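Inside the fold
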Number of protein chains: 2
Amino acid sequence: MPEKIYSYQQLFNFTTQVFQHMGCPATQAELAAEVLISADLRGIDSHGVARLSGYVRLWEAKRVNAKPNIRIIHETPSTAVVDGDSGLGLVVAPFAMQVAIEKAKKAGTGWVSVQNSNHFGIAGYHAMMALEYDMIGMAMTNASPLVAPTFSTERLLGTNPICVTIPAGEEPAFVADLATTTAANGKLEILQRKNLEAPQGWIQDKDGHASTNAHELKTGGALLPLGGDREHGSHKGYALGAVVDIFSAVLSGANYGPWVPPFPAYVPMPTGMPGKGIGHFFGAMRVDAFRPADEFKQHMDNWIRRFRSAKTVEGEEKVLIPGDPEREMEAIRMQEGIPLLDAVVNDLSTVGEKFGLSL
Amino acid sequence: MPEKIYSYQQLFNFTTQVFQHMGCPATQAELAAEVLISADLRGIDSHGVARLSGYVRLWEAKRVNAKPNIRIIHETPSTAVVDGDSGLGLVVAPFAMQVAIEKAKKAGTGWVSVQNSNHFGIAGYHAMMALEYDMIGMAMTNASPLVAPTFSTERLLGTNPICVTIPAGEEPAFVADLATTTAANGKLEILQRKNLEAPQGWIQDKDGHASTNAHELKTGGALLPLGGDREHGSHKGYALGAVVDIFSAVLSGANYGPWVPPFPAYVPMPTGMPGKGIGHFFGAMRVDAFRPADEFKQHMDNWIRRFRSAKTVEGEEKVLIPGDPEREMEAIRMQEGIPLLDAVVNDLSTVGEKFGLSL
């Protein structure tokens, strides 16, 4: 598919200006741009600037508050609930993660559940904030319902990602960032654009039958929880997605399950919503709340080296450590630029025209 | 397969006596029996009295200390590391979970990593301890290496389960207890006994090729992480199993990865072990550290009822809430008794003879 290459700085400047024209204060606009484009850098193209127009449309629909009063509404020594005041999740999430980190400095760990937020980009950005403090970081969020629990024909959960980041010593950090579905929606979108079939176990049709039609979601089909079907453990993926939903939204007072507000601004809001906005959950654990940080990091290096040097299946170069592919992609794209599909470039141009900006 | 039925009380009395004859103090012997048989009650037969002879053999091999000095060796307001002193995990784990609960009472949450322990039965028993305090409970453990990470032919991880329990109001609690593999080893053992093939995606052979031979583990094969293969998300199951390993053992100072001590006493210990015993990780979060408990539980009821009443795939009665099947099994077996295969009964008889006990 045709594409153009842009430097990180080009995309950062453009995106920052868009957020500023929406009314975001300068520092928040820069932060939101940094979070958004961290997805493009790390190769998770579906969550990066390709979504910028979606955020703008949510703002136009008055579902995003450009000047939110983000605040703690409840707390204990190791916990807090944050109200995002309908702000961009791209700004609310780093605020909440910083609260978790500050709690962890004093209490050993910090756990923050967030209500009244919007989509927060990639979980990895937020969880990785913990690393520079020698802390383990965690981030999760619920999202628009696209996933059918095992045996359900209804879509009741989002792709509800979990990210866990763990500092190491000489080795790069361990960064596991995973949707609790067999495949992320972004991967399905790639197949849709290329008109290819999806593998078995990714999706079901509106009646809950296995399907390989990548367009099934448009006619009432659903993404499947990690595992795919009952025989392959889909009840486990469903349970993990459910835990993300409950930690993010039932703990905080956000909307959960089928009531999570949809990302596309043209989709009507669900009726009977039980909470405020969408929900996130963050955690930070000081490693020296368990054992000396140097000792921990030496053992993490040992763990990583042992796994990375494991004997591989024929044809595979090495066993990967979670985070390896994204870190390698980030190094390449920071140097060589970020390729954007023409459709995304056109979309960004349309956004730019609204505000008199050019990419 | 032929089987006999035993009442909970029969199995409890017998098991308690076995542990007492090993030298466990009476209260610890009773606790260990309760934890062990909770697996049989909940239908997780592979982790119940079928393993009693295995624990006895570990004690005979001097790998289990019947009179452990279980103690906290490091702590902060919300964390602790517990040294299990080579005790039965069945006793060490409830001790550590109680520490997590006590921490949570004061700090909002409590997180405990454990070194120098042994196998702890089912994760569900320990995590469910949090429920009576209106807390969310978490329990995980590493285990003998039987699982190959994505692209690896080597077995580097255990089936490393994660359990999350969440209190509700009028509805029964949410209890997700899952091995981070496509299928638990216990399910594979059932197929072995019946000489049936395994579904695709459960196991690989010694060269890392997909296999349906349920006996593959005896010739160098491995269980597969949840997802099965890369296309179906096995890198996610691998990442989750890795997180369990690191939280349980790298944080605590236990053995991790391929160095986790094997459960069968006849398997030699790995060389170059980097820690002590096997590791666990426990968490407790007061729900009222986030929002009022009554409010939380009303919303959990709403969550549970919405999911349970979802429209189902034809032929399926209802969408299950994690914990439903095990709770229903427990009610039945508490009333009607626990069926044991003849092979298990013979095994228990042999154990009984060592100590002059009869089942």
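Bear in mind that the values here come from a model prediction, so they are computed numbers and not experimental data.

**As for the interface of chain B and chain A**
- Tallying the contact residues gives 92 residues for chain B and 92 residues for chain A.
- Buried surface at the junction of chain B and chain A, summed over both partners, amounts to about 7,200 Å²; 68% is from carbon and sulfur atoms.
- The largest share of the area that chain B buries against chain A comes from Phe151(B), Lys236(B) and Phe290(B), three residues that together contribute 11% of it.
- For the salt bridge of Glu154(A) with Arg306(B), the shortest nitrogen-to-oxygen distance reads 2.7 Å.
- Here chain B is connected to chain A by 36 residue pairs in polar contact (both at pLDDT 80 or more).
- Per-element tally for the side of chain B that touches chain A: the top contributor is helix 7 (residues 234-250) of chain B, with twelve residues.
- In terms of residue class, the side of chain B that touches chain A is built from 51 nonpolar, 26 polar and 15 charged.

**Regarding the relation of the copies chain B and chain A**
- The two copies are related by a screw operation: chain B maps onto chain A through 180° of rotation and 0.0 Å of translation along the axis, at an RMSD of 0.0 Å. As the rotation angle and translation indicate, the two copies are arranged about a two-fold axis. Among all residues of chain B, the minimum C-alpha distance to the rotation axis is found for Gly227(B), at 2.5 Å.
- The residues that chain B uses at the interface reappear at the interface of chain A in 100% of cases, marking a shared surface.

**Some thoughts on the domain arrangement of chain A**
Residue and element names in this part refer to chain A.
- Domain parsing of chain A yields domain 1 (1-66 + 325-358), domain 2 (68-182 + 224-309) and domain 3 (183-222).
- Distance from the C-alpha centre of domain 1 to the C-alpha centre of domain 2: 22 Å.
- When domain 1 packs against domain 2, close to 2,300 Å² is buried across both sides, 65% of that on carbon and sulfur atoms.
- Put simply, domain 1 and domain 2 have zero salt bridges between them.
- The tally of links between domain 1 and domain 2 comes to six residue pairs in polar contact (both at pLDDT 80 or more).
- Looking at the side of domain 1 that touches domain 2, the elements that each hand over two or more residues are helix 2 (26-41) and helix 3 (52-60).
- When residues of the side of domain 1 that touches domain 2 are assigned to their parent elements, the largest contribution, eight residues, is made by helix 2.
- A breakdown of the residues in the side of domain 1 that touches domain 2 according to their chemical character gives 13 nonpolar, five polar and six charged.

**Details of helix 1 (residues 8-21) of chain B**
All names here are of chain B.
- Over its 14 residues, helix 1 runs 20 Å from end to end, which matches the ideal 20 Å to within 8%, given 1.5 Å per residue.
- Within helix 1, the full set of buried residues consists of Tyr8, Leu11, Phe12, Phe14, Thr15, Thr16, Val18 and Phe19.
- Gly23 occupies a position one or two residues after helix 1 and carries a positive phi of about 110°.

**Focus on the environment of Met138(B)**
- The topology assignment puts Met138(B) in strand 5 (residues 135-141).
- The buried category is assigned to Met138(B), whose relative accessible area is 13%.
- A C-alpha to C-alpha distance of 29 Å links Met138(B) and Arg57(B), two positions 81 residues apart in sequence.
- Leaving out residues up to four positions away in the same chain, Met138(B) has contacts with Phe247(A), Met97(B), Trp111(B), Ala127(B), Cys163(B), Val164(B), Phe281(B), Phe282(B) and Gly283(B).

**Notes on the confidence of the model for chain A**
- Across chain A, the average pLDDT comes to 96, with 100% of residues at 70 or higher.
- Interface scoring of the predicted complex returns ipTM 0.98; its pTM is 0.98.

**Some words on the sheet that holds strand 8 (residues 203-204) of chain A**
All names here are of chain A.
- One open sheet holds the three strands; their spatial order is 9-8-10, and the pairing between them is antiparallel. The strands lining the two open edges of the sheet, one partner per strand, are strand 9 (210-211) and strand 10 (222-223).
- Where strand 8 meets strand 9, two bridges bridge the pair, whose relative direction is antiparallel. Bridge assignment links Ile203 to a residue of strand 9, and that residue is Ser211.

Thresholds applied
Residues numbered from 1 in each chain as written. Chains lettered and ligands numbered in written order. Predicted model: local features only at pLDDT ≥ 70, side-chain atom pairs only at ≥ 80, totals over all residues. Heavy atoms only, no water. Contact = heavy atoms within 4.5 Å. Buried area = accessible area lost by both parts, 1.4 Å probe. Salt bridge = Lys/Arg side-chain N within 4 Å of Asp/Glu carboxyl O. Polar contact = N/O pair within 3.5 Å; in protein donor to acceptor, adjacent residues only side chain to side chain. Helix = DSSP H or I, 4+ residues; strand = E, 2+ residues; numbered from the N terminus. Nonpolar A, V, L, I, M, F, W, Y, C, P; charged D, E, K, R; others polar. Least-squares fit on C-alpha atoms with pLDDT ≥ 70 in both. Domains from an automatic or database assignment. Expected span 1.5 Å × (residues − 1). Buried < 20%, exposed > 50% of the residue type's maximum accessible area, 1.4 Å probe, protein only. pLDDT = per-residue confidence, 0-100. Pairing = 2+ DSSP bridges.

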